[in-house]
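For reference, the chains in residue letters:
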Amino acid sequence: EIFYYIYALLYSEEYRKNFKNNLTKELAKIPFVKKHIDFKLFCSIGKKLGDLHVNYEKADLFKVKIDKNKIKNKNYFKIEKMKFAGKRPNLNKSTIIYNEEIKIDGIPLEAYKFVINRKSAIEWVMESLQISKDPNSEIINNANNFAIENMKNPSYCLELLQKIITVSIET
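Residues numbered from 1 in each chain as written. Predicted model: local features only at pLDDT ≥ 70, side-chain atom pairs only at ≥ 80, totals over all residues. Heavy atoms only, no water.

(A) Quick look at unusual backbone geometry. Of note, the amide linkage connecting arginine 88 to proline 89 takes the cis form, showing an omega dihedral of 5 degrees. Within the chain, arginine 118 stands out as a residue other than glycine whose phi angle is a positive 65 degrees. By the secondary structure assignment, arginine 118 is in the loop between β4 (115–116) and β5 (119–120). Unusually for a residue other than glycine, glutamate 138 sits at a positive phi of about 60 degrees. Given the relative accessible area of 52%, glutamate 138 is considered exposed. (Helix = DSSP H or I, 4+ residues; strand = E, 2+ residues; numbered from the N terminus. Buried < 20%, exposed > 50% of the residue type's maximum accessible area, 1.4 Å probe, protein only.)

Written as structure tokens, this is what we have:
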């Protein structure tokens, strides 16, 4: 229960606001609640959050319009680098352009509040799924190959992004 209490506390907006400066410089301070019922509430919320985050691959898919007629094209789900709609400084984060064929619309901006290592979980996934080349080893990281060869699912990357959007909204 203590683990789940702390997990919920660390995701509390009020906690993050009050300890914002401390969280970037030192270990988190864990305040105690005064009432046992509040402790139990945090434990319950922490357990739900923990289950949601650990089991993210079971999350519902965020809705995306897919042209069923074009799925037969082997490159339909291919991804090189996702981006937001619009141009800097006016990016529209409610829309992600997955590739030339697929666009994800209607993402609530609140979903970007779920942050991992100073970056929203959505942006973290967008960045990690892009094709990249390590300058030292020259090894190419291509999530499309992983999706097809390991997961046996060419739409795996799109589905992962959809699940992370759902998890971010629910968090």
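Structure shown, so let's carry the discussion forward.
(B) Molecular detail of the packing of aromatic side chains. Going through the model one piece at a time under the given rule, you end up with 10 aromatic pairs. Judged by centre distance (5.4 Å) and plane angle (75 degrees), the rings of phenylalanine 3 and tyrosine 4 are edge-to-face. Residue tyrosine 4 is classed as partly exposed on the basis of its relative accessible area, which comes to 26%. Judged by centre distance (5.8 Å) and plane angle (65 degrees), the rings of phenylalanine 146 and tyrosine 156 are edge-to-face. Note that phenylalanine 146 is positioned in helix α6 (residues 143–150) and tyrosine 156 in helix α7 (residues 156–170), a separation of 10 residues in sequence. Phenylalanine 146 gets classed as partly exposed once you look at its relative accessible area, which sits at 36%. For tyrosine 156, a relative accessible area of 14% gives the class buried. The ring of tyrosine 112 has lysine 93 lying over it, and the distance from NZ or CZ to the ring centre is 5.5 Å. (Phe/Tyr/Trp six-rings, centres within 6.5 Å; stacked < 30°, edge-to-face > 60°. Lys NZ or Arg CZ within 6 Å of the ring centre and 35° of its normal.)

(C) Representation of the nonpolar core. Counting 32 residues, the largest nonpolar core has Ile96, Ile104, Ile107, Ile122 and Leu161 as its most contacted members. Breaking this core down by element, the ones donating at least two residues are α5 (121–129), α6 and α7. Tallying contributions element by element places α7 first for this core, with 8 residues. Sequence-distant contacts of leucine 161, defined by excluding residues within four places in its chain, comprise Met82, Ile96, Tyr98, Ile104, Ile122, Val125 and Met126. Core analysis: the second largest hydrophobic core is formed by 5 residues, Leu9, Tyr15, Phe39 and Cys43 among them. (Core = buried A, V, L, I, M, F, W, Y, C linked by side-chain atoms within 4.5 Å. Contact = heavy atoms within 4.5 Å.)

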